[in-house]
Structures are given as structure tokens and as C-alpha cells.
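Coordinate analysis (summary)
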Amino acid sequence: RGLDRLRNNARRLGLNSIRASEGDAARSLPGGSEGFDRVLVDAPCSGLGTLRAHPEIRWRRTQEDLGRLAALQGDLLTQAASRVRPGGALVYATCTLSRVENEALVEAFVERHSEFAIEDAASHLPGPARAMTTGHYLLALPHRHDTDGFFAARIRRVAPAQ
């Protein structure tokens, strides 16, 4: 299970500040009311960035799937953002190349939540990964980077909740 792997890796690496917990992130997050300095949203997505390994996705995904997933991703992002302390950062990541699940979703979130700002991903990445940035985002493209498709945005809470 992913949560067990995370806990084991954190323990193995001596990372004592990581608190892994399970819950329905679309509804509420566990962990008290103090909030977090860093939050990762590894969002469930259409998986369209993994077509090389999973070509069947091409025939299984529909436009309705993208809309349904984007709505869920928006709920997850909003809920996770509510737990980020002022000055803290949230990373939103998917394994899809769909704009509706990636750039459009993040930009719409920031428009609705002025207490957050999109940060430039390149300044937070190691050298080789900087080549995978487009605009403010990390965007790994299979045809350009010989990887699966992957998207990530770093969003900082610049002000208290409004």
C-alpha cells in the first residue's frame, strides 16, 4: 500500500517531520487545526500521460471522465489548500497531459483564491528537471523528455485565508 511505503521510506531515511495519514481528502484532512508547511496533492487523474505503458487508456477515457476527474481534483486541491499555513507551499501533481486537469484547474483555483500564488517550478527543481518546465509548471512530455507525461505546479499561500 502507498501509505505504508511512504511511512517505511520516511522511517528508513530518518525523516521524522513527515506525518502520513489516511482519510477522504475531498471532504476533510486529518491532523488537527494547525495546518501544514508543505502539502502534496498527488491527484487521481485520467492517466493520459502514461499511454506508452497503458495504451488502453486511449479507448477507455471519455470527455465526461475528464470533467468528472477535474471536479474531484478541484475539490482535493481546495481541501488541501485549506490546510496550508501562510507562507506554506502546496504541490499539485498529475500523470496526465490534459489542460483541464492541469494548468486550467490550477489557474482557476488561484483566480478563486487570491491568498495563493503560483510559483515558478524551475527555481525549486534540480538542474536536469529544469529542462522540463513550461511557463511556471513542471511538464514532462513523452516525445520531448523520453518520460511518461507528468505535470506539477507549486502554489504558495501568500496571505491568510480570506
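See the structure printed just above.
As a starting point, this report considers the structure included with it. Per chain, residues are indexed from 1 in the order of the written sequence. Only residues with pLDDT of at least 70 are given local features in this predicted model, and only at 80 or more are side-chain atom pairs given and counted; all residues enter the totals for whole chains, interfaces and linings. The side-chain values count all of the structure's non-hydrogen atoms but skip hydrogen atoms and water molecules.

Bringing the nonpolar core into the picture now. The set of buried Ala, Val, Leu, Ile, Met, Phe, Trp, Tyr and Cys residues whose side-chain atoms join them within 4.5 Å is what this entry labels a nonpolar core. Any residue under 20% of the maximum accessible area for its type is buried, any over 50% is exposed, and the rest in between are partly exposed; the area is computed with a 1.4 Å probe on protein chains only. By size, the foremost hydrophobic cluster in this structure holds 23 residues, and its most contacted members are Val-41, Leu-90, Tyr-92 and Ile-155. Per the convention used, a helix needs a DSSP run of H or I reaching at least four residues, while a strand needs a run of E reaching at least two, with both numbered from the N terminus. The element that contributes the greatest number of residues to this core is helix H3 (residues 63-81), accounting for five residues. Excluding anything up to four places from it in sequence, Ile-155 contacts Leu-77, Gly-88, Ala-89, Leu-90, Val-106, Phe-109, Val-110, Phe-116, Ala-117 and Ile-118. Core analysis: the second largest hydrophobic core is formed by eight residues, Ala-93, Ala-121, Ala-129 and Ala-152 among them. Throughout, a residue-residue contact means that at least one pair of heavy atoms, one from each residue, lies within 4.5 Å.

For the rest of this paragraph, the subject is H3. With 19 residues, H3 should cover 27 Å at 1.5 Å per step; its first-to-last C-alpha distance of 27 Å lies within 8% of that length. Burial in H3 covers these residues: Asp-65, Leu-66, Leu-69, Ala-70, Gln-73, Gly-74, Leu-76, Leu-77, Gln-79, Ala-80 and Ala-81. Residues of H3 that are buried in the fold lie against strand E1 (36-42), helix H2 (57-60), strand E2 (84-94), helix H4 (103-112), strand E3 (116-119) and strand E6 (150-157). In this analysis, the expected span of each helix is defined as 1.5 Å times one less than the number of residues it contains.

Moving on: the packing of aromatic side chains. For Phe, Tyr and Trp, rings pair up if their centres lie within 6.5 Å, where Trp contributes its six-membered ring, and each pair is then called stacked (planes under 30 degrees apart), edge-to-face (over 60) or tilted (otherwise). With the rule as written, the count across this model stands at three aromatic pairs. Considering the side-chain rings of Tyr-137 and Phe-151, the 5.1 Å spacing of their centres and the 45° angle between planes classify their relative orientation as tilted. Residue Tyr-137 is located in strand E5 (residues 137-140), and its partner Phe-151 is located in strand E6; the two are separated by 14 residues in the primary sequence. For Phe-151, a relative accessible area of 0% puts it in the buried group. Grouped by ring-pair contacts, the aromatic residues Tyr-92, Tyr-137 and Phe-151 constitute a single cluster. Here, over-ring charges are defined by two tests on the NZ atom of lysine or the CZ atom of arginine: distance to the ring centre within 6 Å, and angle to the ring normal within 35 degrees. Over the ring of Trp-59 we find Arg-58, and its NZ or CZ is 5.5 Å from the ring centre.

Time to look at the state of the cysteines. Disulfides are defined as pairs of cysteine sulfur atoms found within 2.5 Å of each other. On inspection of all chains with the given rule, the structure shows zero disulfides. Cysteine Cys-95 remains unbridged, with the sulfur of Cys-45 as its closest cysteine sulfur at 3.3 Å.

Closest axis-to-axis distance for the H3/H4 pair is 11 Å, and the angle between their directions is 45°. Here H3 lies oblique to H4, going by the angle between them. Viewed along their axes, H3 and H4 form a crossing whose handedness is right-handed. Listed contacts from H4 to Ala-70, Gln-73, Gly-74, Leu-77, Thr-78 and Ala-81 of H3 are Leu-105, Phe-109 and Arg-112. In this classification, Asp, Glu, Lys and Arg are treated as charged, Ala, Val, Leu, Ile, Met, Phe, Trp, Tyr, Cys and Pro as nonpolar, and every other residue, Gly included, as polar. Of the residues assigned to the contact of H3 with H4, the class counts are five nonpolar, three polar and one charged. Axis geometry follows a simple rule: fit a line to the C-alpha atoms, using only the stretch in contact for helices, then measure angles between N-to-C directions, giving values from 0 to 180 degrees. Working rule for angles: under 35 degrees goes down as roughly parallel, over 145 as roughly antiparallel, 65 to 115 as roughly perpendicular, anything else as oblique. Left-handed describes a crossing in which the near helix is turned anticlockwise from the far one by less than a right angle; the clockwise case is right-handed.

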